[in-house]
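Architecture and fold: a report
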Amino acid sequence: MRRLLILTAAILAAVVVFVLVTLPPAPAVSRGTIDPALAQRTWPGAFHVHSSRSDGADSKGSIAAAAARAGLRFVVFTEHGDGTRAPDPPTYIDGVLCLDGVEISTNGGHYVAVDLAATPYRLGGEAAAVAEDVRRFGGFGIAAHPDSLKAALAWSDWSVPVDGLEWLNVDSEWRDESRFRLARTFLAYFVRPGPALASLFDRPSTTIGRWDALTAHRRVVGLAGHDAHGWIAGRQEGSTPSVKGVPSYEAAFRSFALRAILPSAATGEAVTDARRLIDAIRGGSLFTAIDAVAFPALLDFHAQRGPTTVVMGQSIPAGGGAVTFSAQPSLPEGAEILLFRNGVEVARAANRALTATAAENGAYRIEVHVPGAPGSPPVPWIVSNPIYLSAAEPLEQPAPEPVRLVTLDALDWRIEKDAASSGSVTKRTAEATLEYRLKAGEETSQYVAMAADLTGVPPDANAVLLRLRSSNPDRVMVQLRSASRGGARLIASAFVSPDVREIAIGLPMFRSAERDQARFDLRESSSLLIVADLTNHLPGAAGDIEVSGVSFARVRPAGSAGH
């Protein structure tokens, strides 16, 4: 027994020594002269937070209290949902402004929407459709954890015009670490929680590179997402919480924070302050700081040409001569400020403010690097949003007009549905109306469709053209089915409204209903279906869809000559 006790004590002593030797350092102290008014308008906060209202561990009140202890001024809650729930009104809890957003699951990753009112139908399905609907209904959308190692979370379609993206996400940062590294971090967490969590961070070069590539052509806001749940799960899909309460919300909030720069000081009135905060996020007037590396974090980043001065998120017209970029953050010892243009470093300053001139079009942003920061490559201490030196915003090119090849006026529509839902088709000379009602209650793959057989598809057709109208704003699925391919289906979705809309769906816009199924050509299509299902409808949903002008068409690529 004595030997066992001695051995146990020796092991414990070795563990303590190991933890102390490998303990992440406390945050360095940053110093500098920053305009007090700017400091007052700079709000630290957390973005992408889940409470017990979805899959988080604690209530909104408990999370707000943790944010207050960490020195934050706001929290953006992003519960999992489909957009149909009305967001909670902004409110102050323990001096922390609480905003309500939603994290929407798509077939191409997760999309966080803020400033989004309740939508008239469920948002889901293809990433492009969800992003389109978030913007249609007034929201601002951010691609969450875009390069996650968890396939269901990673953003897969970079042609989608996202409003923003998470350049850093905590859930993504730990997934590529070894078990030994995670175990070491777990031990250090109980001594120095915030720095221990930040010790898992690297500079996510792939994601930052994507962001730089996007901002070279248009505005895209970069944020860091806490993805805080108050617990961690295993690496596998559907894992249950493995350690509840670790990391805590407070530890996550102390590891890093967004800094939104508001146009004026807070009023203390939640709705007014929330509007100013949301406008700052939408406008890219914010930066990220890893507080576990250095603290406090303040930043004055602006560009000037003559009497014109712009700040993060804003643009200054090209062609009027050189622009002077100035970056003055609070700085810890040994820090370097790097100025990037479209992801390429163009200037650097060590232990002092940065001033540089440039005349080339592009997105200019800064990173502040601090010696000893964690990661390989090391995570930047500060990452700003860009200032844009650019020509006037390009006008959107009109979509090429489809060439109608053959119109199908005499389609014989019929109903297909699940056993418990109801539907009917009313046929007229050149149009037909689907009336549907999905079974209420439990989700059991409810659907109602109107279907018609297809023949005589022209060999050069590459699009389906149709006119749609609905009783209310709605989104329906347009499907092509191939009998020669064993009933395989290609699907796309379309927004419909009480106004008749002519919609051209090119073949590349369709995807296989089952991801592992092969695509097929329009000439192999045997049936056309207009479907109301649970992709964009809740159980019990009802409505009507009017269809007319169904045609096969040819759409020439944008910018090409001729037809």
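Let me sum up the structure you'll find in this document. (Residues numbered from 1 in each chain as written. Predicted model: local features only at pLDDT ≥ 70, side-chain atom pairs only at ≥ 80, totals over all residues. Heavy atoms only, no water.)

What follows covers the overall build of the chain. Tallying secondary structure elements over the chain gives 10 helices and 36 strands in all. Here the C-alpha atoms of the chain give a radius of gyration of 27 Å, agreeing with the 24 Å that 2.2 N^0.38 yields for 563 residues. Viewed in the frame of its principal axes, the chain has a C-alpha envelope of about 85 × 75 × 45 Å. Per-residue burial over the chain gives 51% buried out of 563 residues. Residue pairs at least 24 apart in sequence account for 72% of intrachain contacts in the chain once pairs closer than 6 positions are excluded. Of the roughly 24400 Å² of accessible surface on the chain, a fraction of 55% belongs to carbon and sulfur atoms. In the chain, 54 side chains carry a positive charge and 59 a negative one; their mean positions are 4 Å apart. (Helix = DSSP H or I, 4+ residues; strand = E, 2+ residues; numbered from the N terminus. Rg over C-alpha atoms; globule rule 2.2 N^0.38 Å. Buried < 20%, exposed > 50% of the residue type's maximum accessible area, 1.4 Å probe, protein only. Contact = heavy atoms within 4.5 Å. Areas by Shrake-Rupley, 256 points an atom, 1.4 Å probe, with all protein chains shown as cover. Lys, Arg positive; Asp, Glu negative; His and termini not counted. Charge placed at Lys NZ, Arg CZ, Asp CG, Glu CD.)

Phe 253 and Trp 381 are the most contacted members of the largest nonpolar core, which totals 110 residues. Counting residues in hydrophobic clusters, the runner-up holds 38 residues, among them Ala 432, Ala 461, Val 476 and Phe 520. (Core = buried A, V, L, I, M, F, W, Y, C linked by side-chain atoms within 4.5 Å.)

What follows is about the sheet that holds strand β21 (residues 354-358). Here four strands make up an open sheet; going across it, the order is β16-β15-β18-β21 and the pairing antiparallel. The open sheet terminates on both sides in strands that have one partner only, identified here as β16 (308-311) and β21. Strand-to-strand, the axes of this sheet are offset by a mean angle of 20 degrees, without reference to chain direction. For strand β15 (residues 299-305) and strand β18 (residues 323-329), the ladder comprises six bridges, and the chain directions are antiparallel. Each residue of the ladder has a partner; that of Asp 300, found in β18, is Gln 328. (Pairing = 2+ DSSP bridges. Axes fitted to C-alpha atoms, helices over the stretch in contact; angles between N-to-C directions.)

What follows concerns the side chain of Thr 288. Tracing the chain through its elements places Thr 288 in strand β13 (residues 286-289). Among the polar contacts made by the side chain of Thr 288, one reaches the side chain of Trp 167 at a distance of 3.2 Å. In this structure Thr 288 touches Trp 167, Leu 223, Ala 224, Phe 256, Ala 257, Leu 258, Trp 381, Ile 382 and Val 383, once residues within four positions along its chain are discounted. (Polar contact = N/O pair within 3.5 Å; in protein donor to acceptor, adjacent residues only side chain to side chain.)

Below, the discussion takes up the side chain of Thr 78. Looking at the element boundaries, Thr 78 is found in strand β3 (residues 74-81). By relative accessible area, which is 0% here, Thr 78 ends up buried. Not counting chain neighbours up to four residues away, the residues in contact with Thr 78 comprise His 48, Val 49, His 50, Gly 101, Val 102, Glu 103 and Val 112.

With that settled, consider the environment of Ala 252. Its place among the elements puts Ala 252 in helix α9 (residues 249-255). For Ala 252, a relative accessible area of 5% puts it in the buried group. Sequence separation between Ala 252 and Pro 195 is 57 residues, and the spatial gap between their C-alpha atoms is 9.5 Å. Not counting residues within four places of it along the chain, the set of residues in contact with Ala 252 comprises Leu 197, His 226 and Ala 228.

Turning next to helix α8 (residues 205-215). For α8, the full list of buried residues reads Thr 207, Ile 208, Trp 211, Asp 212, Leu 214 and Thr 215. Each buried residue of α8 sits inside an arc of 165 degrees when the element is viewed along its axis, so together they form one side. (Arc of directions from axis to C-beta.)

This part takes up the pairing of strand β29 (residues 447-453). Burial within β29 is extensive, with five of its seven residues counted as buried. Looking at chain direction, β29 and strand β35 (residues 527-533) are connected through seven bridges and run antiparallel. Residue pairing for β35: Val 448 is matched across the bridge by Ala 532.

Okay, the sheet that holds β29 next. Strand order in the open sheet formed by six strands is β26-β29-β35-β31-β32-β34, and the pairing between neighbours is antiparallel. Here the strands that pair on one side only, and so sit at the sheet edges, are β26 (414-417) and β34 (511-512). The pairing of strand β31 (residues 474-482) with β35 spans five bridges and is classified as antiparallel. Within β35, the position partnered with Arg 481 by the bridge is Ser 527.

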